[in-house]
Amino acid sequence: MVKTSTAERQGFVCPKCGDELSADPAKKGFVRHTSIKGCDFELGQRDR
């Protein structure tokens, strides 16, 4: 997972692995990778 604010700044691409990131329509403060499940970039973090 990646914080929503980081995803927005990076154009919804993970800066660590390059995988595309999903949107956050539910405003949970984090987004998921679309393909790569094992990336640990910002794991456990979220925007408030």
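A short tour of the structure in this document, coming up. (Residues numbered from 1 in each chain as written. Predicted model: local features only at pLDDT ≥ 70, side-chain atom pairs only at ≥ 80, totals over all residues. Heavy atoms only, no water.)

This brings us to the overall build of the protein chain. Broken down by element type, the protein chain carries one helix and two strands. Counting helices and strands in the order they occur from the N terminus, the protein chain gives β-α-β. Structurally, the protein chain occupies a C-alpha span of about 25 × 20 × 15 Å along its principal axes. Surface exposure of the protein chain reaches about 3,300 Å², of which carbon and sulfur atoms provide 49%. Between the mean site of the 9 positive side-chain charges and the mean site of the 7 negative ones, the protein chain shows a separation of 6 Å. (Helix = DSSP H or I, 4+ residues; strand = E, 2+ residues; numbered from the N terminus. Areas by Shrake-Rupley, 256 points an atom, 1.4 Å probe, with all protein chains shown as cover. Lys, Arg positive; Asp, Glu negative; His and termini not counted. Charge placed at Lys NZ, Arg CZ, Asp CG, Glu CD.)

Residues Lys28, Arg32, Lys37 and Arg46 make up a contiguous surface patch of positive charge. The residue Arg46 is located in the segment after strand 2 (30–31) in this model. (Patch = residues over 30% accessible without salt bridge, like charges linked within 9 Å, V, L, I, M, F, W, Y side chains within 5 Å. Salt bridge = Lys/Arg side-chain N within 4 Å of Asp/Glu carboxyl O.)

It is worth spelling out the side chain of Thr6 at this point. Summarising the element assignment, Thr6 is placed in helix 1 (residues 4–9). For Thr6, the residues in contact, after removing those within four places along its chain, are Phe41 and Glu42. (Contact = heavy atoms within 4.5 Å.)

The topology assignment puts Glu42 in the segment after strand 2. For Glu42, the side chain forms a polar contact with the main-chain nitrogen of Lys3, separated by 2.9 Å. (Polar contact = N/O pair within 3.5 Å; in protein donor to acceptor, adjacent residues only side chain to side chain.)

Formed by Val2, Ala7, Cys14, Leu21, Val31 and Cys39, the largest nonpolar core amounts to six residues. Discounting chain neighbours no more than four positions away, the residues touching Ala7 are Val2, Phe12, Leu21 and Val31. (Core = buried A, V, L, I, M, F, W, Y, C linked by side-chain atoms within 4.5 Å. Buried < 20%, exposed > 50% of the residue type's maximum accessible area, 1.4 Å probe, protein only.)

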